[in-house]
Amino acid sequence: MITQTFKFPTKRIRRHLDDYPYGPITLHTLEDYAAMASIGRVAADTLDFITPHVKPGISTAELDRLVHKFMTDHGAIPATIGYHGYQHASCISVNHVAVHGIPTAAKILKDGDIVNIDVTPRLDGPDHWHGDTSRMFKVGKVPVKASRLIEATEKSLAAGIEAARPGNFLGDIGIACGQVALDYGFAIATDFCGHGIGLTFHDNPEVIHVEPDQMGPILLPGMIFTIEPILNIGKPDVKVLADGWTAVTKDRKLSAQAEHTVGITEDGLQIFTQSKNA
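Residues numbered from 1 in each chain as written. Predicted model: local features only at pLDDT ≥ 70, side-chain atom pairs only at ≥ 80, totals over all residues. Heavy atoms only, no water.

**Q** Run through the environment of Thr-10, naming residues and quoting values.
**A** Along the polypeptide, Thr-10 turns up in the segment before β1 (13-15). For the pair formed by Thr-10 and Leu-27, sequence separation is 17 residues and the distance between their alpha carbons is 9.8 Å. (Helix = DSSP H or I, 4+ residues; strand = E, 2+ residues; numbered from the N terminus.)

Below you can see the structure in the form of structure tokens.
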């Protein structure tokens, strides 16, 4: 039996990989992974910091202000500010908002809400490494169905992470994420996907969270991307509101998302945005 050996590149390269026709994919070095671990730590710590503040009576604008201050106090800049005109340090999505909820003073959290907070700090320096992560929060006592949705979403992300190993295919991630949603009886919103990340915010490859039509390229050391499934209690369909950002479920039923930035290694996977409390 021939066992394939996987190695990091000695310098950062962009390669056109077999079975991925959408453009080159960056393969990063071990030194790049060290930089990603640094900014990933800021991203994870930001969500750990904000956790006790997510409670009834606080506005999403205040949460965003706290997120912004924490990032800048720790040597990072919110990559979302100025990104295609977006003007906030985080996306905060409540209940039936699937993704990209805009923080406002008018949106006050109440008992029973579920909330996703999505942050992407980037290093404030010549090399703009990005760490992208999101987490679900319960506000007070939430309904059983909401807790079950959050549980399924976190397990879907965990399954996708487990499938992301050198020698597997990109499509194995989607199969794993989608199977968890199916087991729970929930739908995955397919209008959004994970993405390559590093010195740029969004890059190849796109990481979908359902079984793909084609399995795509083999996962190789140096590939860095996000895994971020969105699970809906109802149908998978979402629509973007007139603000151009906020995506809500068309049936107005609950939605949840969880996200990590990860990198393929020579023998497994590194989670750059893992909480110290996990």
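So that's the structure; there's more coming.
**Q** How would you summarise the state of the cysteines if you had to cite specific residues and measurements?
**A** Under the criterion given, the structure shown has 0 disulfides. Lacking any disulfide linkage, Cys-193 is separated from the closest cysteine sulfur, that of Cys-177, by 12 Å. With relative accessibility at 25%, the residue Cys-193 sits in the partly exposed group. (Disulfide = S-S within 2.5 Å. Buried < 20%, exposed > 50% of the residue type's maximum accessible area, 1.4 Å probe, protein only.)

**Q** Pulling in residues and values, what's your account of the environment of Asp-183?
**A** Examined against the element boundaries, Asp-183 turns out to sit in helix α4 (residues 170-184). Separated by 31 residues in sequence, Asp-183 and Ala-152 place their C-alpha atoms 8.8 Å apart. Reaching out from Asp-183, the side chain makes a polar contact with the side chain of Gln-179 at a distance of 2.8 Å. (Polar contact = N/O pair within 3.5 Å; in protein donor to acceptor, adjacent residues only side chain to side chain.)

**Q** Can you lay out the sheet that holds strand β9 (residues 187-188) for me, pointing to particular residues and giving the numbers?
**A** Sheet strands pair via backbone hydrogen bonds, and the direction of the pair is either parallel or antiparallel. Here 3 strands make up an open sheet; going across it, the order is β9-β13-β16 and the pairing antiparallel. In this open sheet, the two strands that pair with only one neighbour each are β9 and β16 (255-257). For β9 and strand β13 (residues 230-232), the ladder comprises 2 bridges, and the chain directions are antiparallel. Bridge pairing in β13 links Ile-188 to Leu-231. On the sheet, helix α3 (residues 144-163) packs against β9, β13 and β16 and is oriented at approximately 145 degrees with respect to β13. (Pairing = 2+ DSSP bridges. Contact = heavy atoms within 4.5 Å. Axes fitted to C-alpha atoms, helices over the stretch in contact; angles between N-to-C directions.)

**Q** Give a description of the sheet that holds strand β8 (residues 133-138) that names residues and reports values.
**A** Across the sheet, which stays open at both edges, the 3 strands sit in the order β4-β6-β8 with antiparallel pairing between neighbours. With partners counted over all chains shown, the strands left at the sheet margins are β4 (90-94) and β8, one partner each. Put simply, the sheet's adjacent strands are angled 20 degrees from each other on average, direction ignored. Sheet analysis places β4 next to strand β6 (residues 114-119), joined by 5 bridges and oriented antiparallel. Opposite Cys-91, over in β6, you have Asp-118 as the bridge partner. Its contacts with the sheet put helix α1 (residues 30-50) on β6 and β8, and the angle it makes with β8 is roughly 15 degrees.

The values are spatial; any link to function lies outside them.
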